[in-house]
Amino acid sequence: MRHLACIAALLACCFSAGFDGGSAQPARAAETAILSAENFAELAPAGKEVDCIYGDVVLRNDRIIAVVARAGADRHANLRHRNIGGSLIDLTERHKPSDQFGVLYPLPSWKVEFVAIRVDGREVAGAATEIAAGERVELEFRGVPRSPADPSAAVPAATAKLVYALADGDEALSIATTFSNEGDAPVELRGLEGDPVRLDGEFELGIDKDLRLFWGVDRFWRQAYGVLPERATPSVSKQSIERGRPFVRIAPRAAATLAAGESRTVKRVVFPAADLVGVKALAARLQGKQLAAATVRVVDPQGPVADAELVVRVAERSDVYGYATADAAGTAILLLPPGTYDVAARHDARGETTVRLLAGGDSPIETTALLPAAAYVVGELTDGQGAPIACKIDIARVDGGPAPNFGPDSAVYGVRNLVYTPDGKFRVAVRPGEYDLLASHGPEYDAENVRITATAGEETTVALELVRSVDTTGWVSAEFHSHSSPSGDNTSSQLGRVLNLLAEHLEFAPCTEHARITSYDVHLETLGATERMATCPGMELTGQPLPLNHQNAFPLVHHEHAQNGGGPETHPDPVQQIMRIAMWDDGSDKLVQTNHPNIPQMLADRDLDGKGDGGFAEMFNWMDVIEVHPPYDIFKRPESLPTLPRERGNTMFHWLQLLNQGRRVPGVVNTDAHWNFHGSGWLRNFVKSSQDDPAHIDVMEMVHESEHGHVVMSNGPFLQVTASAAGADGSRRTVDVGDDLEAPQGKAEIAVRVQCPNWHDVNRVQVFVNGRPDPELNFTRRTHREMFGDGPVKFDQTIELQLESDAHVVVATIGEGLQLGRVYGPDQGQAPPTAVANPVFVDVDGNGFRANGDQLGLPLPLPESEPGENESAGRRHSHPLGHVHSHPH
């Protein structure tokens with residue numbers, strides 16, 4: 001009886017809303033509002049892909065929440081979703097919000113203006129307005145198409161009326177666009193045929209011709225969407241689906257031509273559901289088709305299986321009808337057209353079984369799918385003092401069978417075969433068998449590996465201690481460049497990015513999303529880790545040309561729910577763009593970082609034709625640090641300069657050339673991570689700090705120490721370098737990397753110390769003098785065995801220097817023929833352990849350091865100049881109004 005009541009209640013919700021927004025009896029009043037500081041927390045949807053800000057319009061009822069972007073040429077959601085004024089940008093169910101929507105453009109390439117919000121024809125203000133039973137809210141925009149020949153000009157006599165509509169009880173948002181040609185000649189207009197749609201990340205996309213439905217489903221994040229035209233069967237090209245940027249054609253191609261005096265209206269509804277079966281069920285209901293309810297319970301010998309995936313196929317057919325996911329009680333209620341179905345219940349830790357359903361009979365349909373028992377791994381990891389520790393656990397089968405798959409690259413706590421935990425505790429289900437568990441917490445800690453046998457139906461407990469074997473007192477590890485979903489060019493959970501950083505023991509990490517200032521603070525609070533990682537708001541300003549015109553800056557002022565988070569727009573001139581971000585927030589003190597540059601292009605050859613034209617050299621007046629990864633490239637010499645805009649060449653080598661031209665820009669390395677599978681950690685900067693406790697790290701100290709070049713770049717090893725020399729008065733001075741040192745008669749000493757944890761090693765230390773490896777200052781385990789150790793301290797020596805002239809001295813270490821290994825995953829784990837210190841600038845004649853101009857045997861198209869003519873010992877950021885902030889080294 002309880003089951004019959006459940007089915008009856010479910011079917012009571014199955015109404016036909018129609019294209020005019022018909023509704024059933026409401027459970028609560030619908031609402032509309034222009035989002036503001038006063039109502040945002042209450043009305044905005046929840047989900048990984050929420051893009052709404054103040055000024056956007058929310059439409060919601062008891063079933064769905066939709067957000068339409070405010071009109072305006074400056075309204076952008078993120079790096080990829082641009083010019084979204086008047087577009088649908090957020091959509092999710094009300095009772096289980098998980099917004100994964102990208103954008104649907106009803107008027108692509110049109111200039112859109114806001115007209116009004118109306119309830120049953122009466123205009124209402126932007127404040128929150130409840131909609132009474134039987135009423136319907138309409139949000140109206142007016143569009144004017146832009147000329148393809150001249151985007152700044154409008155096509156005369158052509159207009160569009162765009163109306164979004166929602167009534168109480170509706171499960172779908174109605175969108176109607178009326179195109180009118182008021183002129184005397186036919187016009188061809190973009191937008192009549194259909195809608196460009198962006199559903200990014202792990203979305204699967206497709207067409208159901210029987211239902212006239214375009215659908216997209218993200219199975220992991222449990223959100224699916226449907227677009228249903230009023231009459232036409234939608235079509236989407238295979239190529240656009242493969243690119244993840246489908247153009248959903250909802251009218252014939254000929255519809256693009258509008259005769260003189262003609263008007264034409266295109267209608268469609270857009271709707272969310274938890275899964276693909278749900279989207280198809282709603283599409284069927286909207287068309288008055290019959291459906292039958294079936295209940296599938298998924299169990300194993302221990303009881304219900306939560307989160308089991310159901311793959312529904314029409315019997316005797318191989319193609320998939322839809323997907324669904326069992327709830328916490330292992331139950332899924334499927335609404336299906338009458339017929340016979342094979343339903344495969346599957347779970348990564350339990351395998352798969354198939355049951356047959358006959359939907360549409362006289363009796364309620366209920367069946368149980370029995371899966372084999374899973375095994376469970378329960379872990380509790382601590383640091384050397386027994387305290388909980390954030391960490392990453394790689395779980396691999398010993399027999400070479402398929403590794404566990406806990407979630408996609410965008411996930412948080414389980415990403416492919418990795419478990420991320422903020423406190424060392426975890427419990428995961430796996431298939432019975434033998435496993436190797438490798439737990440790690442970044443390169444200052446030893447990793448621990450344990451082999452276990454996981455038994456069906458039982459828990460295997462793992463207790464490991466991760467000991468800090470590398471002493472980095474006075475230095476903190478930092479990541480200056482990584483991304484997550486708010487950037488728009490990926491869909492990784494930002495919570496997952498922060499957990500990545502914590503698990504990899506990054507102690508300072510500004511938030512640097514593309515095109516948007518945002519913050520990690522709320523995620524650190526969620527993870528209980530506000531004292532374990534220092535952070536601040538920042539952004540990456542990402543323009544053209546690629547990859548040169550990308551700059552990070554932090555700290556910046558975060559204006560929550562404002563356009564770009566309060567950050568600047570791009571500029572097509574890299575000099576103007578870097579100047580813009582350097583002077584943002586009224587010229588505030590900040591770190592400006594040039595990302596993944598083509599250094600020869602910037603320094604000398606802007607069009608890459610091999611002829612010197614000054615490049616974008618003025619950018620050096622505004623940058624504080626420059627990315628030069630990967631660090632191991634310092635041991636390679638390129639044969640030629642990069643010749644294509646997207647090429648960067650050997651950035652480390654070109655940085656050494658840059659230093660020889662007197663451009664003293666400290667180098668940094670960053671992951672630029674976009675996904676959460678081994679995303680963060682495999683590159684890092686060790687930055688000098690007066691505070692070792694992340695809870696007390698000062699952001700501005702990180703800025704200033706980085707500007708001064710007090711940075712060691714690494715993918716694992718911790719390299720310490722100091723230089724010392726006796727002055728003319730006999731006193732001895734010791735300096736850090738990035739500093740200047742007077743060394744009369746060129747006599748100096750360099751103290752070099754290298755430490756590694758138990759999972760990687762180095763076997764070479766090399767000193768580079770003015771960018772060239774000195775063969776007399778090359779120390780390897782093979783040639784200088786007595787200098788190298790086998791414990792955490794791999795090298796601890798003082799090296800004598802005898803310099804003939806001024807020189808910048810760079811020390812690098814590498815594990816030649818070695819790899820970082822499994823801790824950093826299948827890709828980055830193949831790299832050799834490497835660390836590179838920023839240079840010490842040694843002045844041998846007492847007249848100040850002067851660069852020697854050496855181009856290291858690979859000539860740059862530079863104008864002839866005397867050595868030292870282009871010296872730059874620091875950036876000077878000059879504000880147009882006269883404000884200045886300067887960072888001398």
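Everything numeric here is computed off the predicted structure, so don't read it as measured data. (Residues numbered from 1 in each chain as written. Predicted model: local features only at pLDDT ≥ 70, side-chain atom pairs only at ≥ 80, totals over all residues. Heavy atoms only, no water.)

1. Describing the overall build of the protein chain
In terms of regular secondary structure, the protein chain is built from 12 helices and 55 strands. Computed over its C-alpha atoms, the radius of gyration of the protein chain comes to 31 Å, within 12% of the 29 Å expected for a compact globule of 889 residues. Seen through its principal axes, the protein chain has C-alpha atoms that stretch 100 × 75 × 45 Å. Long-range pairs, those at least 24 residues apart, make up 69% of the contacts in the protein chain between residues at least 6 apart in sequence. A total of about 33700 Å² of accessible surface is found on the protein chain, and carbon and sulfur atoms cover 49% of it. Between the mean site of the 79 positive side-chain charges and the mean site of the 120 negative ones, the protein chain shows a separation of 6 Å. (Helix = DSSP H or I, 4+ residues; strand = E, 2+ residues; numbered from the N terminus. Rg over C-alpha atoms; globule rule 2.2 N^0.38 Å. Contact = heavy atoms within 4.5 Å. Areas by Shrake-Rupley, 256 points an atom, 1.4 Å probe, with all protein chains shown as cover. Lys, Arg positive; Asp, Glu negative; His and termini not counted. Charge placed at Lys NZ, Arg CZ, Asp CG, Glu CD.)

2. A closer look at the sheet that holds strand S40 (residues 625-627)
In sheet architecture, strand pairing relies on hydrogen bonds along the backbone and comes in two forms, parallel and antiparallel. A sheet is described by the order of its strands in space; here five strands give the open sequence S37-S38-S39-S40-S41, paired in mixed fashion. Looking along the sheet, the strands with just one partner apiece sit at the ends: strand S37 (539-542) and strand S41 (667-668). Bridge count between S40 and S41: two bridges; the pairing is parallel. By the bridge assignment for S41, Ile626 is matched with Gly667. (Pairing = 2+ DSSP bridges.)

3. Structural notes on the nonpolar core
Residues Phe480, Phe508, Phe620, Met623, Ile634 and Trp655 are the most contacted members of the largest nonpolar core, which totals 70 residues. At six residues, helix H10 (residues 651-660) tops the list of elements feeding residues into this core. Those residues in contact with Ile634, other than ones at most four positions away along the chain, are Met652, Leu656, Phe768, Val810, Ala812 and Val836. In this structure, Phe141, Val187, Val197 and Val270 belong to the second largest nonpolar core, which totals 46 residues. (Core = buried A, V, L, I, M, F, W, Y, C linked by side-chain atoms within 4.5 Å. Buried < 20%, exposed > 50% of the residue type's maximum accessible area, 1.4 Å probe, protein only.)

4. Re the pattern of salt bridges
Here the structure, examined in full by the defined rule, presents 45 salt bridges. Close ionic contact of Arg356 with Glu316 constitutes a salt bridge, the shortest N to O distance being 3.3 Å. Of the two residues, Arg356 sits in strand S26 (residues 351-359) while Glu316 sits in the loop between strand S22 (309-314) and strand S23 (320-325), which places them 40 residues apart along the sequence. Overall, Arg356 belongs to the partly exposed group, its relative accessible area being 47%. Among the salt bridges present, the one from Asp854 reaches Arg772, with a minimum N-O distance of 2.7 Å. Note that Asp854 is positioned in the loop between strand S53 (840-843) and strand S54 (874-878) and Arg772 in strand S49 (residues 772-780), a separation of 82 residues in sequence. Linked by salt bridges that have partners in common, Glu204, Arg219, Glu309, Arg346 and Glu352 make up one network. (Salt bridge = Lys/Arg side-chain N within 4 Å of Asp/Glu carboxyl O.)

5. Focus on the packing of aromatic side chains
On inspection of all chains with the given rule, the structure shows 17 aromatic pairs. Measuring from ring centre to ring centre gives 4.9 Å for Phe101 and Tyr225, while their planes differ by 75 degrees; the resulting arrangement is edge-to-face. With a gap of 124 residues between them, Phe101 in the loop between strand S4 (88-93) and strand S5 (103-104) and Tyr225 in strand S16 (residues 223-229) connect regions that are remote in the sequence. Seen in terms of ring centroids, Phe114 and Phe141 are 5.9 Å apart; in terms of plane orientation they differ by 70 degrees. Their pairing is edge-to-face. One end of the pair, Phe114, is in strand S6 (residues 110-119); the other, Phe141, is in strand S9 (residues 136-145), with 27 residues separating them in the sequence. For Phe114, a relative accessible area of 40% gives the class partly exposed. Owing to a relative accessible area of 1%, Phe141 belongs among the buried residues under this scheme. The ring of Trp221 is capped by Lys48, whose NZ or CZ atom sits 5.0 Å from the centre of that ring. Note that Lys280 overlies the ring of Tyr321, its terminal NZ or CZ placed 4.5 Å from the centroid. (Phe/Tyr/Trp six-rings, centres within 6.5 Å; stacked < 30°, edge-to-face > 60°. Lys NZ or Arg CZ within 6 Å of the ring centre and 35° of its normal.)

6. Structural notes on the sheet that holds strand S28 (residues 375-383)
Here three strands make up an open sheet; going across it, the order is S32-S28-S35 and the pairing mixed. Whereas interior strands pair on both sides, the edge strands pair on one side only; in this sheet they are strand S32 (425-430) and strand S35 (459-466). Within this sheet the neighbouring strands show an average axis-to-axis angle of 20 degrees, counted without direction. Note: S28 against S35, eight bridges, orientation parallel. By the bridge assignment for S35, Asp383 is matched with Leu466. (Axes fitted to C-alpha atoms, helices over the stretch in contact; angles between N-to-C directions.)

7. Observations concerning the side chain of Gln766
Locating Gln766 in the fold gives a position in strand S48 (residues 764-769). For Gln766, a relative accessible area of 2% corresponds to the buried category. A distance of 2.9 Å separates a polar atom in the side chain of Gln766 from the backbone oxygen of Asp774. Setting aside anything within four residues of it in sequence, one finds Gln766 in contact with Phe635, Pro773, Asp774, Leu777, Asn778, Val810, Val811 and Ala812. (Polar contact = N/O pair within 3.5 Å; in protein donor to acceptor, adjacent residues only side chain to side chain.)

8. Here's the deal with the pairing of strand S19 (residues 263-273)
As paired strands, strand S11 (residues 173-181) and S19 are joined by eight bridges and run antiparallel to one another. Bridge pairing in S19 links Ala176 to Lys267. The pairing of S16 with S19 spans six bridges and is classified as antiparallel. Looking across to S19, one finds that Ala224 is bridged to Ala273.

9. Quick look at the confidence of the model for the protein chain
Do not read the fine detail of predicted coordinates wherever pLDDT is low. Of the residues in the protein chain, 92% have a pLDDT of 70 or more, and the chain-wide mean is 91. Overall, residues 1-27 carries pLDDT values under 50, and its contacts beyond four positions in sequence, including any with other chains, amount to 55 contacts. This model gives residues 876-889 a pLDDT under 50, and the stretch forms 48 contacts once residues within four places in sequence are excluded. (pLDDT = per-residue confidence, 0-100.)

10. Considering the environment of Ser235
If you trace the backbone, Ser235 turns up in the loop between S16 and helix H3 (238-243). In this structure Ser235 comes out as partly exposed when scored by relative accessible area, which is 32%. Each C-alpha atom of the pair Ser235 and Ile207 lies 7.0 Å from the other, and the pair is 28 residues apart in sequence. Non-local contacts of Ser235, meaning those with residues more than four positions away in its chain, are made with Ile207, Phe247, Val248 and Arg249.

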